[in-house]
Amino acid sequence: MIRTCLLMLFCGFCLSTFGQVTLDECRAAAQQNYPLARQYDLIRLSEQYTLSNATRGNLPQFSISGKASYQSDATTLPFSIPEVDFHGLPKDQYQIVAEVRQNIWDGGEIRNRKRQVEAESDEAARQLDVSMYALNEQVNRIFFGILLIDEQLKQNALFHEELERNLQNVSAYRDNGTANDADVDAVNVEILNNKQQRITLETNRRSYVRMLALLTGKELSPDILLERPVLPAEESALVIRRPELSLYDAQEHTLDIRRQHLRTGYLPRLSLFAQGGYGNPGLNMLKDKFEAYYIVGARMNWNFGSLYTLKNDRRKLDTEQLQIASKRDVFLLNTHLQLAEQEGAIHALRQQMEKDDEIIRLRSNIRRSAEAKVANGTLTVTEMLRELTAENLARQTKAQHEIQLLMEIYEQKHLTN
């Protein structure tokens, strides 16, 4: 189901390459393109092969063995029997045996082995989920980095328009004798500085788009548009659903399967067998010649050797479970610490944004007053440009706060999943 959703988002990404690209589409494309994603299929194939091998343990097992030996003495009769020609067993003996064995009950060995394979495969997949989840953070940073540059470019263009307007006004003041060439040059210098900043911003944007293209595996135009995510509503309670927690659960499940597997070590095994052999002597020990023979029957094997280490094996598994619990506690503690830090940053940004519009309004009033004073000859152009720059910085700060708030909120969502 998850892979189907990712594929749908990936297809949507291909279509939206000609329009605005969303954050979810970039994440889905990056998940599909990342080389590590191919390991999901490898884990699945490895599980299938191992389960198939384990199931074949219930098939008849065929074996062949042979023996040739010479012994220093052999069984003989201490007396002779009339009309019986028996000189004892030969000292050189030969035997070849073929055996077919059918498992009847193995104490749950094969069943537990299959369950352990499934648990270990699930654990490997959950570990891969953790590695793949970290990719989302890289996509977030690049995506919001491009959005921030776009806002800076927008403010740069507005600032350029203001500078051009003031250049026309100051040029007119110079023609009227209320300003001089140095005042015009001061405005031109600010225009050139603003153009330099735009070059830097555009260069940085192309670099970020190139990084996003490498992560998603798509050819993206340098001028591609990104859709700004909607600001989510504030959540009253944050629930952590990170893939690390699923990994810890999978590890504990694997330990439970291994704990159950310990029981199979001291349970009896039952099987049927059939042997066919050829050798000297055969089953009739009184005949000193090569003969064919066969044996069929049932066999029970009960090994108590695992009981010697059973207690320590259980203690070892208990220790591993405590280690997993400790890792989970450390992870949750660190995550809650990060969430507390994110919450503080979000709260501070929201408070700052409440003041941004008022600051811009006041800065605009100051700038308009400065322009009027320049027109009346009571303020220098340099001082007016300082107020104009301050207003531009206030607008940039507001735009930066908006993107930063989105970044912090989505970082918070990343921490909780």
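Our subject is the structure listed above.
Structure report, in brief. This is a predicted model, so every value here is computed, not measured.

1. Looking at helix H7 (residues 310-376)
In a regular helix each residue adds 1.5 Å, so 67 residues correspond to 99 Å; H7 covers 97 Å between its end C-alpha atoms and thus fits that length. Taken as a whole, H7 carries its principal kink of about 30° at Lys-355. Downstream of H7 by one or two residues, Gly-377 has phi in the positive range, about 80°.

2. Comments concerning the environment of Thr-335
Looking at where Thr-335 falls in the secondary structure, it is placed in helix H7. For the pair Thr-335 and Arg-242, spaced 93 residues apart in sequence, the C-alpha separation works out to 9.7 Å. Setting aside chain neighbours within four positions, we find Thr-335 in contact with Ile-240 and Leu-415. At 2.7 Å, the side chain of Thr-335 and the backbone oxygen of Phe-331 are in polar contact.

3. Concerning the packing of aromatic side chains
Evaluation of the coordinates by the stated rule reveals six aromatic pairs. Residues Tyr-248 and Phe-331 carry aromatic rings whose centres are separated by 6.3 Å and whose planes lie at 70° to one another, so their mutual orientation is edge-to-face. Placement of the pair is Tyr-248 in helix H6 (residues 243-261) and Phe-331 in helix H7, with a sequence separation of 83 residues. Accessibility expressed as a relative area gives 10% for Tyr-248, which makes it buried. Ring centres 5.2 Å apart and planes at 25° place the aromatic pair Trp-302 and Phe-304 in the stacked group. The class of Phe-304 is partly exposed, set by a relative accessible area of 45%. A connected cluster of aromatic rings, assembled from ring pairs, spans Tyr-94, Tyr-278 and Phe-290. If you follow Arg-299 out to its NZ or CZ, it ends over the ring of Phe-273, 4.3 Å from the centre. The residue whose ring lies beneath Lys-413 is Tyr-410, and the NZ or CZ to ring-centre distance is 5.9 Å.

4. A look at the pairing of strand E5 (residues 269-280)
In the sheet, strand E3 (residues 92-105) pairs with E5 via eleven bridges, with the strands oriented antiparallel. The residue of E5 that forms the bridge with Val-100 is Ala-274. Pairing analysis gives eleven bridges linking E5 to strand E6 (residues 291-301), with the strands arranged antiparallel. Among the inter-strand pairings, Gly-276 is bridged to a residue of E6, identified as Tyr-294.

5. Section: the pairing of strand E2 (residues 61-70)
With zero of its ten residues buried, E2 lies for the most part at the surface. Pairing between E2 and E3: ten bridges, direction antiparallel. What sits directly across from Gln-61, in E3, is Arg-101.

6. Concerning the sheet that holds E6
What the four strands build is an open sheet, ordered E2-E3-E5-E6; its pairing is antiparallel. Looking at the sheet topology across the chains shown, the edges are occupied by E2 and E6. Neighbour to neighbour, the strand axes of the sheet diverge by 20° on average, direction disregarded.

7. Considering the pattern of salt bridges
Per the stated rule, a full pass over the model turns up 28 salt bridges. The salt bridge involving Arg-228 is made with Glu-402; its shortest N-O contact spans 3.5 Å. With a gap of 174 residues between them, Arg-228 in the loop between strand E4 (225-226) and H6 and Glu-402 in helix H8 (residues 381-416) connect regions that are remote in the sequence. Judged by relative accessible area, which is 33%, Arg-228 ranks as partly exposed. Among the salt bridges present, the one from Arg-258 reaches Glu-320, with a minimum N-O distance of 3.0 Å. One end of the pair, Arg-258, is in helix H6; the other, Glu-320, is in helix H7, and 62 residues separate them in sequence.

8. Thoughts on the packing of H6 against H7
How two helices pack is summed up by the angle between their axes together with the distance between the axes. Interaxial distance between H6 and H7 falls to 10 Å at its minimum, and their mutual angle equals 170°. It follows that H6 is roughly antiparallel to H7 by the angle criterion. Residue-level contacts link Glu-244, Leu-245, Tyr-248, Asp-249, Gln-251, Glu-252, Leu-255, Arg-258 and Arg-259 of H6 to Leu-317, Asp-318, Glu-320, Gln-321, Ile-324, Lys-327, Arg-328, Phe-331 and Leu-332 of H7. Class assignment of the residues belonging to the contact of H6 with H7 gives a composition of seven nonpolar, two polar and nine charged.

Calculation rules
- Residues numbered from 1 in each chain as written.
- Predicted model: local features only at pLDDT ≥ 70, side-chain atom pairs only at ≥ 80, totals over all residues.
- Heavy atoms only, no water.
- Helix = DSSP H or I, 4+ residues; strand = E, 2+ residues; numbered from the N terminus.
- Expected span 1.5 Å × (residues − 1).
- Bend = angle between axes of the 7 residues up to and from the residue.
- Contact = heavy atoms within 4.5 Å.
- Polar contact = N/O pair within 3.5 Å; in protein donor to acceptor, adjacent residues only side chain to side chain.
- Phe/Tyr/Trp six-rings, centres within 6.5 Å; stacked < 30°, edge-to-face > 60°.
- Buried < 20%, exposed > 50% of the residue type's maximum accessible area, 1.4 Å probe, protein only.
- Lys NZ or Arg CZ within 6 Å of the ring centre and 35° of its normal.
- Pairing = 2+ DSSP bridges.
- Axes fitted to C-alpha atoms, helices over the stretch in contact; angles between N-to-C directions.
- Salt bridge = Lys/Arg side-chain N within 4 Å of Asp/Glu carboxyl O.
- Parallel < 35°, antiparallel > 145°, perpendicular 65-115°, else oblique.
- Nonpolar A, V, L, I, M, F, W, Y, C, P; charged D, E, K, R; others polar.

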